[in-house]
Amino acid sequence: METQIKKTVGIRGEYDVLVAGGGTAGVFAAVAAARAGARTLLVEKNGLLGGTMTAGYVNFPGIFNFWDKQLITGPCWELMEELAAEGGAVLPDNDYTKKHFRQQIRVDGFQLAATLDRVCVLNGVDILLHSMISFAEEAPGGGLIVGVTGKEGLYALRARAAVDATGDANLAGMLGYERVRSKVLQPATLENRLEGYRIEDVDKDEVERVFETAIEAGELEREVFSWKSPYEMLLARRVNMHIPCPGTEDSGSKTAMELEGRRILYTILKLFRQIRGCGNIRVKVYAAECGIRESCRIVGEKTMTADKYLSGYVYDDAVSYCFYPIDLHKLDGGGVYIVYLEKGVMPTIPYGALIPRGSRYLLVAGRTVSSDTETNSAVRVQAACMSMGQVAGTAAALAAREKTCVGQVDYHRLIQALEALGATVPEKNIAQ
Ligand SMILES: Cc1cc2nc3c(=O)[nH]c(=O)nc-3n(C[C@H](O)[C@H](O)[C@H](O)COP(=O)(O)OP(=O)(O)OC[C@H]3O[C@@H](n4cnc5c(N)ncnc54)[C@H](O)[C@@H]3O)c2cc1C
């Protein structure tokens, strides 16, 4: 039986908008809310901002340009331009005949983390690092009381509106909103880079023999290699592993993922060292935490579906675009299941997909947006997450200012505010 203890938690401060999670979506939610005039707090569990882009070492955001048009703009694009101007990124050339992943922006991880700090500070966002969201409830008279655990312990804050950008819909879960998971979640990856060998010195057959023996001996599971073979990993100079993902909404499952990611990387490293030409192979860099492709998703006022995504359907409350193929990583040896968009198709994201069903003061942005499994595998990419963050931050600021619920934010005022922010909003005259 659970032992209950009662404790009084003080309310330490008040904000217009609280953003939970300072990752890909959260930073831009906070910047957008602050630019809309809201007193904004960004609460992040790690010691740096950027989430999957920095701590997860997935530093290649995509895709901002759709065919030959640029349709994701605003503070997130300004940041890419600033990074490029300072030598920390190479902007895409808008040549859509290239593979989709070649249109992504390779950014320098350190410069990105430092620039995210600066952009938040310059825009007046209060940042709290090393802090986790701990509980949440609706406040008497409107808004939310949100518990935060800092190094000093537990306290509470009040916010008129909040954005859940935790990547796991943690705040939505704490408020009791429904979350769903795909039957099988896409695998995770502990990103890394290898050095200390020349591929010309390596015999492909020997690599295959060593790894086949290890798999048969039970040292590694075959599904780890369902994306790339060990030799392809050496060619790519990184271990592109697939780690089965049991879910990442709680610290227990996150811990299991981290242990598994490092176990796999270490085991593979030791096997590589047995191969001629690889005796000095090293992990040059590795991510501080596993990159999570898929977690739970909210059940929103609207749910994006693959048929609408692939047809470029323009929702009546469309607030943003997303451009990426359906891109499902599979553990069963199928590698990556990809469905490309037909030429000219520009899918949209509806505002309703950011509102947990029944929510009055909370919006969600990022990979936990309301969507079916296939659509989620496309809209989870970084440019789309940033753009959703901008929408959610702007809408939360409007709701806070007007002391209204997030679902009652006037669509046309939201569009005007997004345009004022510099964000591109979907054209309503595009044929359905
Ligand atoms: C291996 C891999 C490869 C990928 N490749 C690409 C690619 O090529 N191009 C592309 O565009 N996208 C790619 N993606 C997808 C993309 O990187 C992610 O889907 C996206 O970054 C998720 O953004 P997010 O804001 O939802 O979550 P995140 O960026 O993960 O941000 C969530 C933030 O919330 C914080 N947080 C979590 N819980 C709490 C809490 N309780 N309290 C406070 N803070 C909390 C986290 O620390 C984190 O900073 C890839 C993903 C992976 C894993």
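Quick look at the structure, then.

Definitions and cut-offs
- Residues numbered from 1 in each chain as written.
- Predicted model: local features only at pLDDT ≥ 70, side-chain atom pairs only at ≥ 80, totals over all residues.
- Heavy atoms only, no water.
- Helix = DSSP H or I, 4+ residues; strand = E, 2+ residues; numbered from the N terminus.
- Rg over C-alpha atoms; globule rule 2.2 N^0.38 Å.
- Contact = heavy atoms within 4.5 Å.
- Areas by Shrake-Rupley, 256 points an atom, 1.4 Å probe, with all protein chains shown as cover.
- Near = heavy atom within 4 Å.
- Polar contact = N/O pair within 3.5 Å; in protein donor to acceptor, adjacent residues only side chain to side chain.
- Nonpolar A, V, L, I, M, F, W, Y, C, P; charged D, E, K, R; others polar.
- Pairing = 2+ DSSP bridges.
- 1 Å grid on protein atoms, 1.4 Å probe; cavity = no way out; pocket = protein on both sides within 12 Å on 5 of 7 lines; lining within 4 Å.
- Points joined across faces, edges and corners; volume = space filled by probe spheres on them.

1. Points about the overall build of the protein chain
Here comes step 1: Each helix and strand counted, the protein chain has 11 helices and 17 strands in total.
Here comes step 2: Expected size for 432 residues packed as a compact globule is a radius of gyration near 22 Å; at 22 Å, the protein chain falls within 12% of this value.
Here comes step 3: Long-range contacts, defined here as pairs at least 24 residues apart, represent 74% of the contacts in the protein chain between residues at least 6 apart.
Here comes step 4: Of the roughly 18200 Å² of accessible surface on the protein chain, 50% is carried by carbon and sulfur atoms.

2. Description of the site of the ligand
Here comes step 1: Around the ligand, the surrounding shell holds 35 residues, and the nearest of these are T24, E44, T52, Q104 and R380.
Here comes step 2: Contacts to the ligand include N46, whose side-chain N or O atom sits 3.3 Å from an oxygen atom.
Here comes step 3: Between the ligand and the protein, one listed contact pairs an oxygen atom with a backbone N or O atom of Q382 at 2.8 Å.
Here comes step 4: Of all the secondary structure elements, the ones that give two or more residues to the shell around the ligand are helix 1 (24-35), strand 6 (132-138) and helix 10 (382-401).
Here comes step 5: Grouping the constituent residues of the shell around the ligand by class yields 11 nonpolar, 18 polar and six charged.

3. Quick word on the pairing of strand 15 (residues 336-339)
Here comes step 1: When strand 14 (residues 326-329) meets strand 15, the two strands line up antiparallel, connected through four bridges. Counted as the bridge partner of H329 is V336 from strand 15.
Here comes step 2: The hairpin formed by strand 14 and strand 15 contains six residues between the paired strands, and G333 there has a positive phi angle of roughly 95°.

4. Observations concerning the layout of surface pockets
Here comes step 1: Within this model, the second largest pocket holds a volume of roughly 210 Å³.
Here comes step 2: Contributing to the lining of the second largest pocket are 13 residues, with V184, L185, H329, K330 and L331 lying nearest its centre.
Here comes step 3: Looking at the lining of the second largest pocket residue by residue, the class counts come to five nonpolar, four polar and four charged.

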